[in-house]
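# Breakdown of the fold
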Amino acid sequence: MIYFKFLILALLIVFLANKLSKNAETIEMNSNLNAVMVGIILAFATSLPELATSITSSYLGESTLAISNLLGSNLFNLVLLSLMNIIFFKQLVNQKISFTTNKINLYVLLMYVLTYFTLICSDYKFLEVGRFSIVTILILIIYIITIRSLNYEEEVITLEKKDSKKCQKAIINFVILALIILFVSIELAITANQIILISGLTASFVGAIFIGISTSLPELTSIYTLCKSKKYDMAASSVLGSNLFNFTILFVVDLLSKMPLFSTSGSGVLILIKLGMIFSILTFLGINFKIKNRNINIIIPSLIIFIYVYMAFLGA
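All values derive from a computational prediction rather than experimental measurement. (Residues numbered from 1 in each chain as written. Predicted model: local features only at pLDDT ≥ 70, side-chain atom pairs only at ≥ 80, totals over all residues. Heavy atoms only, no water.)

Tracing the chain through its elements places asparagine 85 in helix α4 (residues 63–87). Among the polar contacts listed, one links the side chain of asparagine 85 to the side chain of tyrosine 232, at a separation of 2.7 Å. Sequence-distant contacts of asparagine 85, defined by excluding residues within four places in its chain, comprise Leu92, Tyr232, Ile287, Lys290, Asn297 and Pro301. (Helix = DSSP H or I, 4+ residues; strand = E, 2+ residues; numbered from the N terminus. Polar contact = N/O pair within 3.5 Å; in protein donor to acceptor, adjacent residues only side chain to side chain. Contact = heavy atoms within 4.5 Å.)

Take the packing of aromatic side chains next. With the rule as written, the count across this model stands at 6 aromatic pairs. Residues phenylalanine 88 and tyrosine 224 carry aromatic rings whose centres are separated by 5.5 Å and whose planes lie at 55° to one another, so their mutual orientation is tilted. Placement of the pair is phenylalanine 88 in the loop between α4 and α5 (89–92) and tyrosine 224 in helix α10 (residues 217–228), with a sequence separation of 136 residues. Exposure remark for phenylalanine 88: the relative accessible area of 6% places this residue in the buried category. By relative accessible area, which is 37% here, tyrosine 224 ends up partly exposed. (Phe/Tyr/Trp six-rings, centres within 6.5 Å; stacked < 30°, edge-to-face > 60°. Buried < 20%, exposed > 50% of the residue type's maximum accessible area, 1.4 Å probe, protein only.)

With 25 residues, α4 should reach 36 Å at 1.5 Å per residue; the first-to-last C-alpha distance of 36 Å fits that figure. Burial analysis of α4 places 23 of its 25 residues in the buried class, the great majority of the element. (Expected span 1.5 Å × (residues − 1).)

Let's shift gears to the pattern of salt bridges. Evaluation of the coordinates by the stated rule reveals 1 salt bridge. The partner of lysine 5 in a salt bridge is glutamate 187, with the nearest N and O atoms 2.6 Å apart. With lysine 5 in helix α1 (residues 2–29) and glutamate 187 in helix α8 (residues 164–199), the pair connects residues that are 182 residues apart, well separated along the chain. When its relative accessible area of 31% is taken as the criterion, lysine 5 is described as partly exposed. (Salt bridge = Lys/Arg side-chain N within 4 Å of Asp/Glu carboxyl O.)

Attention shifts here to the nonpolar core. In terms of nonpolar packing, the biggest core is built from 75 residues, with Leu20, Leu71, Cys227, Phe247 and Phe279 touching the most fellow members. If sequence neighbours within four positions are ignored, leucine 71 has contacts with Tyr112, Phe247, Val269, Leu272 and Ile273. (Core = buried A, V, L, I, M, F, W, Y, C linked by side-chain atoms within 4.5 Å.)

So, about empty space enclosed by the protein. Scanning all chains against the criterion turns up 2 cavities of 30 Å³ or more. One number sums up the size of the second largest cavity: a volume of about 50 Å³. In this structure, the second largest cavity is lined by Leu78, Leu81, Ser82, Asn85, Leu282, Thr283, Gly286, Ile287, Ile300, Pro301 and Ile304. Within the lining of the second largest cavity, the residues separate by chemical class into 7 nonpolar, 4 polar and no charged. (1 Å grid on protein atoms, 1.4 Å probe; cavity = no way out; pocket = protein on both sides within 12 Å on 5 of 7 lines; lining within 4 Å. Points joined across faces, edges and corners; volume = space filled by probe spheres on them. Nonpolar A, V, L, I, M, F, W, Y, C, P; charged D, E, K, R; others polar.)

A few words on the packing of α4 against helix α11 (residues 232–256). Interaxial distance between α4 and α11 falls to 9 Å at its minimum, and their mutual angle equals 175°. In terms of orientation, α4 and α11 fall into the roughly antiparallel class. Facing Ala66, Ile67, Leu70, Leu71, Ser73, Asn74, Asn77, Leu78, Leu81 and Asn85 of α4, the residues of α11 in contact are Tyr232, Ala236, Val239, Leu240, Ser242, Asn243, Asn246, Phe247, Ile249, Leu250 and Val253. Grouping the amino acids of the contact of α4 with α11 by side-chain chemistry returns 14 nonpolar, 7 polar and no charged. (Axes fitted to C-alpha atoms, helices over the stretch in contact; angles between N-to-C directions. Parallel < 35°, antiparallel > 145°, perpendicular 65-115°, else oblique.)

Geometric values such as these leave the question of function open.
See the structure below:
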């Protein structure tokens, strides 16, 4: 019964996310915001499940579950983008990626490096201020600087034909749907915690697989919708923006955790971080060096998907 409830909640998130992405498209078409900035806004909304589940997991005393949820979601997001590269090969092969989207990916990689060296450090207590980690504070600062810089760099596109009423309606619907997704995700996190108790699975495995995939369902829906509409730059910026925002949630988890955040992380979390760095580099290569030969073009996306499935099978 508990698994059925988990499935229903996950499907509900998919339905809501589909509506969310359609409203994002409407906002992009009827406002002065360009595709990348709308993608960033969409990334924030689709990351609400990760925020809700991580906060709930921390409140329940499962900090490892909260961290692995975020890292697992980041991995699955890149798997989804890789899958879309394969499915929509013909439509996306000539689509260009903006400098801003690549910059977002670079910042995501930087955050992976910061957390990686924090975890492998033999004595990371010097990276703590009381119970809080300097690294999570630094991640939050980097995120704020990144968003501010993106806002200044991106050119504003003025459309000749705009429907302000349609845009306002889409914004209202967008906010309402985002809030509903937030509350559904809280229940999803509670259900996942119950699955841990009755199944005997480790928190890192459940976080990376069960919750990581489920909370990425909004990204799945939005990426598919955008790629189908040939809005690849918006899709890529949404995925990478979501991964960037997920790292800032570590700051919230750190605030709520009863113990120093990284002191409770196991080897499973370190594996997820290593995979995240590898996937981020492969994604950069995959989205920037598209080749019209299908067999060559699908090598990198297929490699990302294969590694993910293999590691999931091993229970990493």
